[in-house]
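Descriptive analysis of the structure
Take a look at the letters that make up each chain.
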Amino acid sequence: MVNYAAQGDYMLLGVIGDPIAHSKSPAMHLAALAALGIQGTYVPLHIRPAGLDDAIQAMRALGFRGMNVTIPHKVEVMKYLDEIDAAALRIGAVNTIVNDNGKLTGYNTDGIGYVRSLKDEACPELQGKHIVVLGAGGAARGIIDALIEESPDRISIVNRTRDKAGALAEEWISRGDLRGYGEEEAEAVLQHAEIIINTTSVGMHPQIGAIPIPAAHIPQGIVVSDLIYNPLQTELLRQSELRQCIVHGGLGMFVNQGAYALEYWTGVAAPLQVMRAAVLDSFTNNST
Ligand code: NAP
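Okay, so let's go over this structure. Computed from a predicted model, the values in this text were never measured in an experiment. Counting of residues starts from 1 at the beginning of each chain's written sequence and follows it residue by residue. Totals for whole chains, interfaces and linings use all residues, but because this is a predicted model, local features are given only for residues with pLDDT of at least 70 and pairs of side-chain atoms are given and counted only at 80 or more. Hydrogens and waters are ignored; side-chain quantities use all the structure's heavy atoms.

Remarks on the site of the ligand
- Inspection of the region around the ligand gives 21 residues, with Ala139, Asn159, Thr161, Lys164 and Leu227 positioned closest.
- The separation between a nitrogen atom of the ligand and a polar main-chain atom of Leu227 is 2.8 Å.
- Put simply, DSSP H or I for four residues or longer makes a helix, DSSP E for two residues or longer makes a strand, and each gets a number counted from the N terminus. The set of elements that each furnish at least two residues to the shell around the ligand consists of helix H5 (138–148) and helix H9 (251–266).
- Ten residues, namely Ala, Val, Leu, Ile, Met, Phe, Trp, Tyr, Cys and Pro, are considered nonpolar, four, namely Asp, Glu, Lys and Arg, are considered charged, and the remaining ones, Gly among them, are considered polar. Its residues assigned to classes, the shell around the ligand comprises nine nonpolar, nine polar and three charged. Near residues are defined by distance, with any heavy atom within 4 Å of the molecule or strand qualifying the residue. Think of a polar contact as two N or O atoms within 3.5 Å of one another; within protein, one of them needs to be a possible hydrogen donor and the other a possible acceptor, and neighboring residues in sequence only count if both atoms come from side chains.

If you want it as structure tokens, here you go:
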């Protein structure tokens, strides 16, 4: 890893999105920069779709070293970049841009961030496992792409719109045993699950009582993971704990996608604990 931080330049970083005011990324990255002793800043930038092209040009002109990209720009931004990393191309979305002297490269750290968090916090070995992914949206694409690299036995994708699950399984079938299902087939598929991952928005604030599958369909003692981090403990995780499952929430994914981005920008290992604490702190100060 090249240590860009050691070059001593003031490091300009930021996140573009619409809306952006509630983003936890500035608090997390500012804490990380301070902990690493790097001179720099990380700013939230409210960029509407019509301003995306100009914002990316400005990144070059102003000398931003890096940018995170969030909703709704993750797909659209790709056409303004000079290069796109292979995983981001497969996923079809970019959440991190690195600026090397005016050359902008797009990466997707959501999937690899998720998998690092899952392995560190809940399930060190994914090889040979039957993983059931609930949902087939943008987040599912990122995490399934990264999960495939861990050689699971099978990934079963269950989605409300069955065709989307089928299409995603079909797209990547040459890379592993992927199968798509509709919600009516979920009960049978879940019986053989060793890991369940919720990538749907069901259970997210303010619908905190909602659950994406009936609790009775969760096998006892397996690993259950939820990408949602607001609330930190979703109804799915609460019910899974009652069934003696190992549970894993979405905070670790958020922290690790940010950590990978910071590592790409700075070339030094990210202070994960500091970053996690900063996000938790910003929840305490702003509970929505
Ligand atoms: P998305 O592209 O809009 O996909 C949403 C998925 O949820 C689709 O599969 C959709 O099914 C399903 N869904 C939505 N409402 C549903 C309902 N009422 N019943 C059943 N299924 C439903 O969204 P995304 O970007 O993938 O994000 C999904 C979740 O991941 C969000 O909660 C987001 O906060 C979380 N996330 C967390 C992190 C993190 O860092 N922890 C990062 C990214 C995303 P259909 O295809 O049938 O519409």
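Details of the packing of aromatic side chains
- Two aromatic rings from Phe, Tyr or Trp, using only the six-membered ring of Trp, form a pair when their centres are within 6.5 Å; if the ring planes differ by under 30 degrees the pair is stacked, by over 60 it is edge-to-face, and anything between is tilted. Applying the stated criterion across every chain yields a total of five aromatic pairs.
- Between Tyr260 and Tyr264, the aromatic rings sit 6.4 Å apart at their centres with planes inclined by 45°, giving tilted as the arrangement. Taken as a pair, Tyr260 and Tyr264 lie in helix H9 at a separation of four residues, close to a single helical turn.
- Categorising residues by exposure relies on relative accessible area from a 1.4 Å probe, with only protein chains included: less than 20% of the type maximum marks a residue as buried, more than 50% marks it as exposed, and the intermediate range marks it as partly exposed. Tyr260 gets classed as buried once you look at its relative accessible area, which sits at 18%.
- Taken together, the aromatic side chains of Tyr107, Tyr260 and Tyr264 make up a single cluster linked through ring pairs.

A short note on unusual backbone geometry
- Ile71 connects to Pro72 through a cis peptide bond whose omega is 10°.
- On the secondary structure map, Pro72 appears in the loop between strand E3 (66–69) and strand E4 (83–84).
- Asn230 connects to Pro231 through a cis peptide bond whose omega is 10°.
- Note that Pro231 resides in the loop between strand E11 (223–226) and helix H8 (235–242).
- In this model, Asn101 sits at a positive phi of 50°, which is unusual for a non-glycine residue.
- With respect to the helices and strands, the residue Asn101 is situated in the loop between strand E5 (96–100) and strand E6 (103–107).

Notes on the sheet that holds strand E12 (residues 246–248)
- An order of E9-E8-E7-E10-E11-E12 is seen for the six strands of this open sheet, with the pairing classed as parallel. The strands lining the two open edges of the sheet, one partner per strand, are strand E9 (178–182) and E12. With direction set aside, neighbouring strand axes in the sheet form an average angle of 20°.
- At least two DSSP bridges between two strands are required for those strands to pair. Taken together, the five bridges between strand E8 (residues 154–159) and E9 define a ladder with parallel strand orientation. Opposite Val158, over in E9, you have Tyr181 as the bridge partner.
- Where helix H6 (residues 162–171) meets the sheet, it contacts E8 and E9, and its direction lies at approximately 175° from that of E9.
- Residue contacts are defined here by distance: any two heavy atoms, one from each residue, within 4.5 Å place the two residues in contact. The axes are straight lines fitted to the C-alpha atoms, using for helices just the contacting stretch, and the angles between their N-to-C directions are given from 0 to 180°. Seen against the sheet, H8 touches strand E10 (195–198), E11 and E12 and runs at an angle of roughly 165° to E11.

Observations regarding the packing of helix H1 (residues 25–36) against helix H10 (residues 272–285)
- Where H1 contacts H10, the axes come no closer than 8 Å and their chain directions differ by 140°. The orientation of H1 relative to H10 falls into the category oblique. Read as a crossing pair, H1 and H10 show a hand that is right-handed. Between H1 and H10, the contacting residues are Ala27, Met28, His29, Ala31, Ala32 and Ala35 on the first element and Val274, Met275, Ala278, Val279 and Ser282 on the second.
- Taken together, the residues of the contact of H1 with H10 break down into nine nonpolar, two polar and no charged. Small angles under 35 degrees read as roughly parallel and large ones over 145 as roughly antiparallel, with 65 to 115 read as roughly perpendicular and the rest as oblique. Rotating anticlockwise by less than a right angle from the far helix to the near helix defines a left-handed crossing, while the corresponding clockwise rotation defines a right-handed one.

That is the geometry; function is a separate question.
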